[in-house]
Amino acid sequence: MSTPPTTRFAPTERLVKALWTLFGVPFRRRTYRNLAYLLLQFPLGLAYVTTLVPLLALGLGLSLVIFGLPLLLGTLVLVTGFARLEVLLADALLPVEVESRAVGFDTADGVLIYAKDLVRDSGTYVSLAFLLTKLLVGIVTVTLLTFLTALTGALLAAPFLYNRPGSYRILY
């Protein structure tokens, strides 16, 4: 009884698949989408913090007068819009489906009911915390990507500089 040809080549196919998994990362489109998402974290986090923190501070400061409450409500609407932007960005660049709640400026029941729902919804404050922490994550991400890119370049250049007297002086 002979073995089918597919089982005879199975170890080779597994080896090729394992090698592709290990060394094929630079050749996958998904790799660069993930890197693009990571690189966008810092500028978006910076934009979120520089927009939301002054608006929240101004809204809280002016809440003693009547002008602060509409400003705070507008800031919360902006938070939901930014959160929706993040969901769209994650859906476009990452290989995962991100669940999101329905976001919209639905005033069919009235502006006061919409404002109450917006203020009472815990998802609004979770989105606010997520958007404000995005700057910290972005700083760490950009720092690590910069360091790892420089390390990769140094390791790739090492064979060209190794065992050549005086070649290390170009690094000074």
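Thresholds applied
- Residues numbered from 1 in each chain as written.
- Predicted model: local features only at pLDDT ≥ 70, side-chain atom pairs only at ≥ 80, totals over all residues.
- Heavy atoms only, no water.
- Helix = DSSP H or I, 4+ residues; strand = E, 2+ residues; numbered from the N terminus.
- Buried < 20%, exposed > 50% of the residue type's maximum accessible area, 1.4 Å probe, protein only.
- Contact = heavy atoms within 4.5 Å.
- Areas by Shrake-Rupley, 256 points an atom, 1.4 Å probe, with all protein chains shown as cover.
- Salt bridge = Lys/Arg side-chain N within 4 Å of Asp/Glu carboxyl O.
- pLDDT = per-residue confidence, 0-100.
- Core = buried A, V, L, I, M, F, W, Y, C linked by side-chain atoms within 4.5 Å.
- Expected span 1.5 Å × (residues − 1).
- Bend = angle between axes of the 7 residues up to and from the residue.
- Polar contact = N/O pair within 3.5 Å; in protein donor to acceptor, adjacent residues only side chain to side chain.
- Phe/Tyr/Trp six-rings, centres within 6.5 Å; stacked < 30°, edge-to-face > 60°.
- Patch = residues over 30% accessible without salt bridge, like charges linked within 9 Å, V, L, I, M, F, W, Y side chains within 5 Å.

S.K.: Tell me what's going on with the overall build of the protein, and back it up with residues and numbers.
M.R.: For the protein, the helix and strand inventory stands at 6 helices and 0 strands. Per-residue burial over the protein gives 21% buried out of 172 residues. When contacts within the protein are restricted to residue pairs at least 6 apart in sequence, long-range pairs at least 24 apart make up 65% of them. When the accessible surface of the protein is summed, it comes to about 12,800 Å², and 72% of that surface belongs to carbon and sulfur atoms.

S.K.: An account of the pattern of salt bridges is requested, with residue identities and associated values reported.
M.R.: Under the defined criterion, the tally for this structure stands at 1 salt bridge. Between K134 and E86 there is a salt bridge whose closest N-O contact spans 2.9 Å. In this pair, K134 sits in helix α6 (residues 122-161) while E86 sits in helix α4 (residues 68-93), placing the two residues 48 residues apart along the sequence. On the basis of relative accessible area, K134 is assigned to the buried category, the value being 3%. Assessed through its relative accessible area of 5%, E86 is described here as buried.

S.K.: Could you give an account of the confidence of the model for the protein, with specific residues and numbers?
M.R.: Model confidence for the protein is summarised by a mean pLDDT of 84, while 85% of its residues fall at 70 or above. At the level of individual helices and strands, the protein shows its lowest average pLDDT in helix α1 (residues 5-8), which scores 53, and its highest in helix α3 (residues 29-61), which scores 92.

S.K.: Requested: an account of the nonpolar core, with residues and values cited.
M.R.: Considering soluble globular proteins, one finds that nonpolar side chains tend to be buried as a cluster. Residues Y48, L52 and L131 are the most contacted members of the largest nonpolar core, which totals 13 residues. Listing elements by their share of this core, those giving two or more residues are α3, α4 and α6. No other element matches the 6 residues that α4 contributes to this core. Once you skip the residues sitting within four places of it in the chain, L131 turns out to touch Y48, L52, V79, F82, A83 and E86.

S.K.: Describe α3, listing the residues and the values that go with them.
M.R.: The α-helix winds at 3.6 residues per turn, so residues separated by three or four positions along the chain end up facing the same way. Compared with the 48 Å implied by 1.5 Å per residue over 33 residues, the 47 Å span of α3 between its first and last C-alpha is a close match. Maximal helix bending in α3 amounts to about 35°, located at Q41; proline P43 follows within four positions.

S.K.: So what about the side chain of S127? Which residues, and what values?
M.R.: Within the element layout of this structure, S127 appears in helix α6. At a separation of 2.8 Å, a polar atom in the side chain of S127 contacts the main-chain carbonyl oxygen of G123.

S.K.: So what about the packing of aromatic side chains? Which residues, and what values?
M.R.: We describe a pair of aromatic rings using the distance from one ring centre to the other and the angle between the two ring planes. Tallied over the entire structure, the rule returns 1 aromatic pair. Ring centres 4.8 Å apart and planes at 40° place the aromatic pair Y48 and F82 in the tilted group. With Y48 in helix α3 and F82 in helix α4, this residue pair connects regions lying 34 residues apart in the sequence. An identical accessibility class is assigned to Y48 and F82; each is buried.

S.K.: Got a sec to walk through a nonpolar patch on the surface? Specific residues and values, please.
M.R.: Together, L58, L62, L64, V65, I66 and F67 make up a nonpolar patch on the protein surface, roughly 660 Å² of accessible area in all. Structurally, L64 is set in the loop between α3 and α4.

S.K.: Give a detailed account of the side chain of T75, specifying residues and quantitative values.
M.R.: Along the chain, T75 turns up in helix α4. Using a relative accessible area of 1% as the deciding quantity, one classes T75 as buried. Not counting the four nearest positions on each side in its chain, T75 is found in contact with L52, L55 and L56.

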